[in-house]
Amino acid sequence: MERQEGEDPVVPFSFETEGILENQEVCHITWTTAETKRVILENLHRSPLYGGKIEGVGPRYCPSIEDKIVRFADKERHQVFIEPCGLKTEEMYLQGLSSSLPVDVQLAVLHTIPGLEQVKVMRPAYAIEYDCCDPLQLDSTLEFLDLPGLYGAGQFNGSSGYEEAAAQGLVAGVNAARKVRGESSMRLDRASSYIGTLVDDLVTKGCTDPYRMMTSRSEYRLILRQDNADERLTPVGREMGLVDDRRWEHFLCRQEQKQEERKRLRETVLSPTEELNALLVSHETTPVASGVRLEELLKRPQLDYAALESVDAGRPALDPLVVEQVEVELKYEGYIRRQQAAIDEMRRLEGRFLPGDVEYTGIAGLRKEAQEKLSKVRPRSIGQASRISGVSPADISVLLIWLSSHTDKEKDKAGEKRA
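Residues numbered from 1 in each chain as written. Predicted model: local features only at pLDDT ≥ 70, side-chain atom pairs only at ≥ 80, totals over all residues. Heavy atoms only, no water.

Attention now moves to the sheet that holds strand β3 (residues 79-84). Pairing between the strands of a sheet is mediated by backbone hydrogen bonds and can be parallel or antiparallel. Taking strand neighbours across the sheet as the criterion, the four strands line up as β1-β2-β3-β4 in an open arrangement whose pairing is antiparallel. The sheet terminates laterally at β1 (2-4) and β4 (92-95), the two strands that pair on one side only. Taking each pair of neighbouring strands and ignoring which way they run, the sheet shows an average axis angle of 30°. Sheet analysis places β1 next to strand β2 (residues 27-31), joined by three bridges and oriented antiparallel. Across the sheet, the residue bridging to Gln 4 is Cys 27, located in β2. (Pairing = 2+ DSSP bridges. Helix = DSSP H or I, 4+ residues; strand = E, 2+ residues; numbered from the N terminus. Axes fitted to C-alpha atoms, helices over the stretch in contact; angles between N-to-C directions.)

As enumerated under the stated definition, the model contains 37 salt bridges in all. Between Arg 347 and Asp 189 there is a salt bridge, and its shortest N-O distance comes to 2.7 Å. On the criterion of sequence distance, the pair formed by Arg 347 in helix α12 (residues 333-350) and Asp 189 in the loop between α5 (162-180) and α6 (194-205) is long-range, its members being 158 residues apart. With relative accessibility at 35%, the residue Arg 347 sits in the partly exposed group. Residue Asp 189 is classed as partly exposed on the basis of its relative accessible area of 22%. The partner of Glu 350 in a salt bridge is Arg 387, with the nearest N and O atoms 2.6 Å apart. Residue Glu 350 is located in helix α12, and its partner Arg 387 is located in the loop between α14 (382-386) and α15 (393-418); the two are separated by 37 residues in the primary sequence. The class for Glu 350 is buried, based on a relative accessible area of 17%. (Salt bridge = Lys/Arg side-chain N within 4 Å of Asp/Glu carboxyl O. Buried < 20%, exposed > 50% of the residue type's maximum accessible area, 1.4 Å probe, protein only.)

Further remarks concern the environment of Ser 14. Here Ser 14 lies in the loop between β1 and β2. Considering only alpha carbons, one finds Ser 14 and Asp 408, 394 residues apart in sequence, at a separation of 49 Å. Here Glu 16 takes part through its backbone nitrogen, which lies 2.9 Å from a polar atom of the side chain of Ser 14. (Polar contact = N/O pair within 3.5 Å; in protein donor to acceptor, adjacent residues only side chain to side chain.)

Let us now look at the nonpolar core. Counting residues in each nonpolar core, the largest one holds 19 residues, and the members touching the most others are Leu 265, Leu 270, Leu 276, Leu 297 and Leu 308. Those elements that provide at least two residues to this core are α9 (274-282), α10 (294-298) and α11 (320-331). Residues in contact with Leu 276, not counting those within four places in the same chain, are Leu 270, Ser 271, Val 288, Val 292, Leu 297 and Val 311. (Core = buried A, V, L, I, M, F, W, Y, C linked by side-chain atoms within 4.5 Å. Contact = heavy atoms within 4.5 Å.)

A word on the packing of aromatic side chains. Applying the stated criterion across every chain yields a total of two aromatic pairs. Between Phe 144 and Phe 156, the ring centres sit 6.2 Å apart and the planes meet at 55°, which makes this aromatic pair tilted. With a gap of 12 residues between them, Phe 144 in the loop between α4 (103-110) and α5 and Phe 156 in the loop between α4 and α5 connect regions that are remote in the sequence. For Phe 144, a relative accessible area of 9% gives the class buried. Assessed through its relative accessible area of 40%, Phe 156 is described here as partly exposed. (Phe/Tyr/Trp six-rings, centres within 6.5 Å; stacked < 30°, edge-to-face > 60°.)

Right, let's talk about the packing of α5 against α6 for a bit. α6 packs onto α5 with a crossing angle of 85° between their chain directions and a minimal axis gap of 10 Å. Here α6 runs roughly perpendicular to α5, going by the angle between their axes. Facing Glu 164, Ala 167, Gln 168, Leu 170 and Val 171 of α5, the residues of α6 in contact are Ile 195, Leu 198, Val 199 and Leu 202. Among the residues making up the contact of α5 with α6, the classes are represented as seven nonpolar, one polar and one charged. (Parallel < 35°, antiparallel > 145°, perpendicular 65-115°, else oblique. Nonpolar A, V, L, I, M, F, W, Y, C, P; charged D, E, K, R; others polar.)

Further remarks concern helix α8 (residues 245-267). If you check α8, its first and last C-alpha atoms are 33 Å apart, about what 23 residues at 1.5 Å a residue would give, namely 33 Å. Taken together, the buried positions of α8 are occupied by Trp 248, Phe 251, Arg 254, Gln 255, Lys 258, Glu 261, Arg 262, Arg 264 and Leu 265. Residues of α8 that are buried make contact with α7 (229-239), β6 (292-293), α10, α11 and α12. (Expected span 1.5 Å × (residues − 1).)

Let's shift gears to the packing of α8 against α11. Between α8 and α11, the least distance of the axes is 10 Å, while the angle of their chain directions is 50°. The pairing of α8 with α11 is recorded here as oblique in orientation. The interaxial crossing formed by α8 with α11 has right-handed handedness. Of the residues in α11, those in contact with Arg 254, Gln 257, Lys 258, Glu 261, Arg 262 and Leu 265 of α8 are Leu 321, Val 322, Gln 325, Val 326, Glu 329 and Leu 330. A per-class count over the contact of α8 with α11 returns five nonpolar, two polar and five charged. (Left-handed = near helix turned anticlockwise from the far one by under 90°.)

Along the chain, Ser 381 turns up in the loop between α13 (368-377) and α14. The exposure class assigned to Ser 381 is buried, which follows from its relative accessible area of 1%. A distance of 2.9 Å separates polar atoms of two side chains, one belonging to Ser 381 and the other to Glu 350. Among the polar contacts made by the side chain of Ser 381, one reaches the main-chain amide nitrogen of Gln 384 at a distance of 3.2 Å. Filtering out sequence-adjacent residues up to four positions away, Ser 381 remains in contact with Leu 349, Glu 350, Arg 352, Phe 353 and Leu 354.

Of all the positions in α13, only Ala 370, Gln 371, Leu 374 and Val 377 are classed as buried. End-on, the buried residues of α13 take up no more than an arc of 150°, which puts them together on one face. Those residues of α13 that are exposed and angled more than 90 degrees off the buried face are Lys 368 and Lys 376. (Arc of directions from axis to C-beta.)

Any functional reading would require information that these geometric values do not contain.
Next comes the structure, spelled out in structure tokens:
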């Protein structure tokens, strides 16, 4: 098999993890063979997925091995990832070999794969079929629109995957608790997080097959980076009561470090010395003839913090996370600014709320398809309405005009009551 070493340096899941981490296990890759394909095709009729016992639509992005053999018939082999389940077990997980085939066929398949000829199975693969609600019935808090107090999360909402289920469980759980306590809801928008994107996709677009969250689903993925996840979401966690004082102080300290470093890089000017120009030439970038700010040098693709260490005498000791974030923000500053402008416009439209009792069929100028889609989804705002498939920019213009007129009428009514 082909060894797959762990990432180096190790990037922890949590921003609270400190110290140097070391990889303690390795994964391996192997491949199915022509014999694997033969065994599966000869026993395909015994698979519930192909025998008619299961009628549901399977996950698009992690199909079973028999599904891959059928759907990608031209492929000679398929990858199998061998993943240790822990440090103190001999158990391995076979990623890429999910299956609904009977146990005897699964064993025969495994024995055709290089490296697995003598494998022993602790638990065979299995197929499940589950039902789900229509996520268009849900608000962005994951509360049912027609059943106040009932919240849905996980595969029940039409998604697939552990992280997706955990994300929805967090949103639904937080909002259920806050509702009981009479507090405002937590709503994460598309520009705040992948959780916000996941929830918005489900409640605005619905789904026809189990939904998986991928970076490509976000139009704001330049903002939704792993290096700034704490900056985006720790304040939300603090507001929700999930971030203690120690963690909050640590977060604020890191943010202050970042701002101070951005200021230092902006204000520090290096003279065009022989040492500096020799360094620039050695990194295949243009030498300078006059003073240059450190931030301008860091924006060059050929240079990074490590490359400039010898000419940056005033550099303070910084948290590696701060260094990464500052460097990313500088190098992509123009693109980030452009995406932030799009986010500001999105949030402006998100702030234009639509009444919950709107009769869309009665709004003149809305196309029939838009009336049907808007009536089904019942968007909370103009922003959400603009993301519904079948609602055009022209329909949004009609909605904005109607909303302005409706708002004016409501103000007039309120004025008459006061009079």
